[in-house]
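# Inside the fold
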Amino acid sequence: MKGVSLMPDSVTTDIKQALLAMLGERDIRRVTMKDIAGRSHVSRGTLYLYYEDKYAILEDITEEMKDGLSEALYDSLKNKDVLHLHGGWQKVHPTLSFVDRHRVFFQTMMDRNKMPYFHFHAFLKDVFRHDVLLSPVNADFSPTEQDMYIHYRALYTYAIVLYWLNEEPGASPEAISGQVWDLISQKRFYWLFGRRVPEQEEKKPADRRVTRTRQALQEAMIGLMAEKKEYAAITISDIARQSNLRRATFYDHYANKEALLKTIIHQSCRDLIGLLTVNGDPADCSMEEAEAALVRLFSALSDGMPLVHFLREGSGVPDVIPEMFRALQSFYLHQPLHIQAGKKLYAYYVASMLVGLIQYRLHEGKDHAPDMLAREFLQFLDVKKYRVILL
């Protein structure tokens, strides 16, 4: 933003509130600077003097939220050795208090039905990358565990807020904090694994030609993502050419490229679930079996699962992580576990744990051996090691 010192805070606040209000009503592509000026009661000349476009306003809002959350977390934890939600000093976690105070921002930006597709993983990773939570707390993490922590923490926080806004929007931050504490208190490393769920497996079309055609379209999309790098640059014509099929054939199977993307994401999640499926009771899974399963997972990611192309930073794919949450939650909801905090919260939490682990592998952990990462992650999940509750 240019020349911010010359503009009264009340005016910039009105402009940002105006844009947020309109994003709650419609897609950002249908919001103009003229609309924003009218809603905030400033002239277009004044608006352009300080913001070059609507995206600059959105960026200002985002940075303000990041700074605010960072400050709220740091202030709540400085001089504290441990965060204990059932202790006398902290009945509600500052993350959830902050979300509650700025609910319009979080609710609006988590709406996946409208542009802009806001990447909360990146938003929260930026917050936690600065050791906001680690600095004031004596948490004895290795460098690898710190990197894991940032991704895990970002996705975990995202999932909890998403759960709150989607499943229990009327609950207080105190109530959600209590549920999360109950969940963390019960957490076990074997939650990441589960029994086979037959009803969740892909239903293959009876006609083999349909199967081959859909496979060709999916492979074409994956190939184009590897080649073009940007999702927005891929057209239906590109997909048809790459698969040696007609455009009309594409539309016989998928309504648009977003429907094809969703199919690929769900198939990739089924592949992930297959790597984490055990024959017996997950509670009987030994640390050795868990380590072997994680080695398979890390190795598969190294070998270039389709998901790798869609989770890559800068790919421009709009809806990967929330869609992964949905696909993975379905598997975990079918597991025969009694969860005091509720099965849905558990499913959101474990799905986010898995996605955070994948994100770490694809970024900071890409150069490490799978067996080393598996051991580090299981050690990281050992609740006795925590000096701070990871909320």
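In case you missed it, the structure is sitting above this.
Below you will find a few notes about this structure. This is a predicted model, so every value here is computed, not measured.

Here is what the cut-offs are and how they apply
Residues numbered from 1 in each chain as written. Predicted model: local features only at pLDDT ≥ 70, side-chain atom pairs only at ≥ 80, totals over all residues. Heavy atoms only, no water. Helix = DSSP H or I, 4+ residues; strand = E, 2+ residues; numbered from the N terminus. Buried < 20%, exposed > 50% of the residue type's maximum accessible area, 1.4 Å probe, protein only. Contact = heavy atoms within 4.5 Å. Areas by Shrake-Rupley, 256 points an atom, 1.4 Å probe, with all protein chains shown as cover. Axes fitted to C-alpha atoms, helices over the stretch in contact; angles between N-to-C directions. Parallel < 35°, antiparallel > 145°, perpendicular 65-115°, else oblique. Left-handed = near helix turned anticlockwise from the far one by under 90°. Nonpolar A, V, L, I, M, F, W, Y, C, P; charged D, E, K, R; others polar. Salt bridge = Lys/Arg side-chain N within 4 Å of Asp/Glu carboxyl O.

Now for the overall build of the chain. Broken down by element type, the chain carries 18 helices and two strands. A buried classification covers 52% of the 391 residues belonging to the chain. Once local pairs closer than 6 in sequence are excluded, the contacts in the chain between residues at least 24 apart make up 72%. Accessible area for the chain stands at about 17800 Å²; split by element, carbon and sulfur atoms hold 49% of it.

In contact at an axis separation of 10 Å, helix α14 (residues 287–302) and helix α17 (residues 343–362) are set at 50° when each is read in the N-to-C sense. Taken as axis vectors, α14 and α17 run oblique relative to one another. Of the two possible hands of crossing, α14 and α17 adopt the one that is right-handed. Residues L294, L297, F298, L301 and S302 of α14 pack against L354, L357, I358, R361 and L362 of α17. Partitioning the contact of α14 with α17 into residue classes produces eight nonpolar, one polar and one charged.

So, on to the pattern of salt bridges. The final tally for this structure, using the stated rule, is 15 salt bridges. Here K66 ties to E63 by a salt bridge, and the two come within 3.4 Å at their closest N and O atoms. Of this pair, K66 and E63 both sit in helix α4 (residues 54–77), separated by three residues, roughly a single helical turn. Among the salt bridges present, the one from E291 reaches R375, with a minimum N-O distance of 3.8 Å. Here E291 is found in helix α14, whereas its partner R375 is found in helix α18 (residues 370–381), with 84 residues between them in sequence. Residue classification places E291 among the partly exposed positions, given a relative accessible area of 24%. One salt-bridge network, in which partners are shared between bridges, spans E25, R26, D35 and R39.

Within the secondary structure layout, R188 lies in the loop between α9 (173–186) and β1 (194–195). Separated by 95 residues in the primary sequence, R188 and A283 have C-alpha atoms spaced 8.5 Å apart.

A separate point is the environment of A122. In this structure, A122 sits in helix α7 (residues 120–129). Here A122 falls in the partly exposed class, since its relative accessible area comes to 36%. For the pair A122 and E313, spaced 191 residues apart in sequence, the C-alpha separation works out to 9.2 Å.

Excluding glycine, most residues fall at negative phi; most peptide bonds, likewise, are trans. Its identity is not glycine, yet H41 carries a phi of approximately 60°, on the positive side. What makes H41 exposed here is its relative accessible area of 72%.

To continue, consider the environment of L192. Counting through the fold element by element, L192 comes out in the loop between α9 and β1. Residue L192 is classed as buried on the basis of its relative accessible area of 1%. Sequence separation of L192 and A351 is 159 residues, and the distance between their C-alpha atoms is 8.2 Å. Those residues in contact with L192, other than ones at most four positions away along the chain, are L276, L294, Y332, V350, M353, L354, L357 and F377.

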